[in-house]
Amino acid sequence: MNTVLLTMTIVTAVGLGNVAHAADSNTRQTLGDRLEVPAQPVPLQKKLPSRGMSMSQVERGWGSPSRRAGPVGRPPISRWVYDEFTVYFEHQHVIHSVQHHRNSKAT
């Protein structure tokens, strides 16, 4: 799997002595940490269930989930986990669908 990483450098000046020394010796000195930010998930080929769809519509369109959790709380929230995404329901209707990161698995 190819992973695209964006690289950001955070520059931190540590004391004026280092800055003055770098300016005097005509050298460029950069102090800091490298922060790697993973690229956004690649869009799914298949459309995710949309807000307001019923549980039966989701099951007809995407099949049975690999795991069902809930309902929990008030209002009752249920979660259906598929291989590539998770669907959240309030009562019997979709409130949100979330794509999984490719390098992680839903728990």
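Up top is the structure these notes are about.
The notes below deal with the structure included here. (Residues numbered from 1 in each chain as written. Predicted model: local features only at pLDDT ≥ 70, side-chain atom pairs only at ≥ 80, totals over all residues. Heavy atoms only, no water.)

A few points about the overall build of the chain
Here is step 1: Across its full length, the chain carries two helices and six strands.
Here is step 2: Walking the chain from its N terminus toward its C terminus, one meets helices and strands in the order β-α-β-α-β-β-β-β.
Here is step 3: For the chain, the proportion of its 107 residues judged to be buried stands at 19%.
Here is step 4: Of all intrachain contacts in the chain linking residues separated by at least 6 positions in sequence, the fraction that spans at least 24 positions is 40%.
Here is step 5: Accessible surface, the chain as shown: approximately 8,400 Å² in total, 53% of it carbon and sulfur. (Helix = DSSP H or I, 4+ residues; strand = E, 2+ residues; numbered from the N terminus. Buried < 20%, exposed > 50% of the residue type's maximum accessible area, 1.4 Å probe, protein only. Contact = heavy atoms within 4.5 Å. Areas by Shrake-Rupley, 256 points an atom, 1.4 Å probe, with all protein chains shown as cover.)

Structural notes on the sheet that holds strand β3 (residues 67-72)
Here is step 1: Across the sheet, four strands lie side by side as β3-β4-β5-β6; this open sheet has antiparallel pairing. Bordering the open sheet on either side are β3 and β6 (93-99), each of which pairs with just one other strand. On average, adjacent strands in this sheet sit at an angle of 15° to one another, irrespective of strand direction.
Here is step 2: Across six bridges, strand β5 (residues 85-90) lies against β6 in antiparallel orientation. Across the sheet, residue E90 finds its bridge partner in β6, namely H93.
Here is step 3: Strand contacts of helix α2 (residues 55-62): β3, β4 (77-81), β5 and β6, with the helix running at about 5° to β4, the strand carrying the most contacts. (Pairing = 2+ DSSP bridges. Axes fitted to C-alpha atoms, helices over the stretch in contact; angles between N-to-C directions.)

Details of the pairing of β5
Here is step 1: The sheet contact formed by β4 and β5 spans five bridges and is antiparallel. Its bridge partner lying in β5, V81 is registered against T86.

A look at the pattern of salt bridges
Here is step 1: Tallying each qualifying case throughout the model produces one salt bridge.
Here is step 2: Notably, a salt bridge pairs R68 with E59, separated by 2.9 Å at the nearest N-O pair.
Here is step 3: When its relative accessible area of 28% is taken as the criterion, E59 is described as partly exposed. (Salt bridge = Lys/Arg side-chain N within 4 Å of Asp/Glu carboxyl O.)

A closer look at the environment of K46
Here is step 1: Topologically, K46 is positioned in the loop between β2 (32-38) and α2.
Here is step 2: Each C-alpha atom, one on K46 and one on E84, is 9.8 Å from the other, the two residues being 38 residues apart in sequence.

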